[in-house]
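# Descriptive analysis of the structure
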Amino acid sequence: VAGYPEKHFEAPNLNTDLKYLKLKQDLGADYIVTQMFFDNQKYFDFVAKCREIGITIPIIPGLKPITTKKQLTVLPSIFHIDMPDTLVKAIEKCKTNDEVKQVGIEWGIQQSKELMFAGVPVLHYYSMSKSDAVKQIAEALF
């Protein structure tokens, strides 16, 4: 099932969102894959809140490498997510989308390493028909 570290945009607040996520588990969900996020602390906080209310199934982080400058505005507006200042500033310095893609790959590698070090069950990557960046991240990690 889907989980939203920054809450689903239709939920009035995170606690309500988590209540329904717990219900999904209680009705038989085997695992949760999160919406994409770019700040690992949001994932760690989300997992902690899930565990506090009795969600015990694996929570798989969903990651998306940034590949174009346009995604700085498109992804937050479509998916209702927040971009960390450090990532935004790094992308804003880029002159081409090739440079943006490289920043996105490096961010994805570092984000993945931190999550792996923290013991996540597995990593899920949203490629959105642009698998080259995910491939480069995977090659760097494995």
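The structure we're discussing is the one just above.
Quick summary incoming for the structure in this document.

Procedures and definitions
- Residues numbered from 1 in each chain as written.
- Predicted model: local features only at pLDDT ≥ 70, side-chain atom pairs only at ≥ 80, totals over all residues.
- Heavy atoms only, no water.
- Phe/Tyr/Trp six-rings, centres within 6.5 Å; stacked < 30°, edge-to-face > 60°.
- Buried < 20%, exposed > 50% of the residue type's maximum accessible area, 1.4 Å probe, protein only.
- Salt bridge = Lys/Arg side-chain N within 4 Å of Asp/Glu carboxyl O.
- Helix = DSSP H or I, 4+ residues; strand = E, 2+ residues; numbered from the N terminus.
- Expected span 1.5 Å × (residues − 1).
- Arc of directions from axis to C-beta.
- Contact = heavy atoms within 4.5 Å.
- Polar contact = N/O pair within 3.5 Å; in protein donor to acceptor, adjacent residues only side chain to side chain.
- Pairing = 2+ DSSP bridges.

### Examining the packing of aromatic side chains
Counted according to the given criterion, the structure contains two aromatic pairs. Between Phe37 and Tyr43, the aromatic rings sit 5.4 Å apart at their centres with planes inclined by 10 degrees, giving stacked as the arrangement. What makes Phe37 buried here is its relative accessible area of 0%. Ring centres of Tyr43 and Phe44 lie 5.8 Å apart, and the angle between their planes is 65 degrees; this geometry places the pair in the edge-to-face category. Given the relative accessible area of 23%, Phe44 is considered partly exposed.

### Some details on the pattern of salt bridges
Opposite charge on two side chains allows them to pair when their charged atoms are near. Applying the stated criterion across every chain yields a total of five salt bridges. Across the salt bridge formed by Asp26 and Lys22, the nearest N and O atoms sit 2.9 Å from each other. Taken together, the residues span about one helical turn, with Asp26 and Lys22 both in helix 1 (residues 14-26) at a distance of four residues. A salt bridge links Lys135 to Glu139; the nearest nitrogen and oxygen atoms lie 2.9 Å apart. Residue Lys135 and its partner Glu139 are located together in helix 6 (residues 131-141), separated by four residues, close to a single helical turn. A relative accessible area of 49% places Glu139 in the partly exposed class. Through salt bridges that share partners, Glu6, Lys42 and Asp82 make up one connected network.

### Some remarks on helix 1
For helix 1, spanning 13 residues, the distance from its first C-alpha to its last is 18 Å, which sits close to the expected 18 Å at 1.5 Å a residue. When we look at burial in helix 1, the residues that qualify are Leu14, Asp17, Leu18, Leu21 and Gln25. The buried residues of helix 1 occupy one face: seen down the axis, they fall within an arc of 95 degrees. On the buried face of helix 1, the contacting elements are strand 1 (2-3), strand 2 (32-36) and helix 2 (40-52). Measuring from the backbone nitrogen of Asn15 back to the side-chain oxygen at the start of helix 1 gives 3.1 Å, which picks out Asn13 as the cap. Among the residues trailing helix 1, Gly28 stands out with phi positive, at a value near 120 degrees.

### A closer look at the sheet that holds strand 4 (residues 124-125)
Taking strand neighbours across the sheet as the criterion, the four strands line up as 1-2-3-4 in an open arrangement whose pairing is parallel. If you trace the sheet from one side to the other, it starts and ends with strand 1 and strand 4, each paired once. The pairing of strand 3 (residues 59-63) with strand 4 spans two bridges and is classified as parallel. Across the sheet, the residue bridging to Gly62 is His124, located in strand 4.

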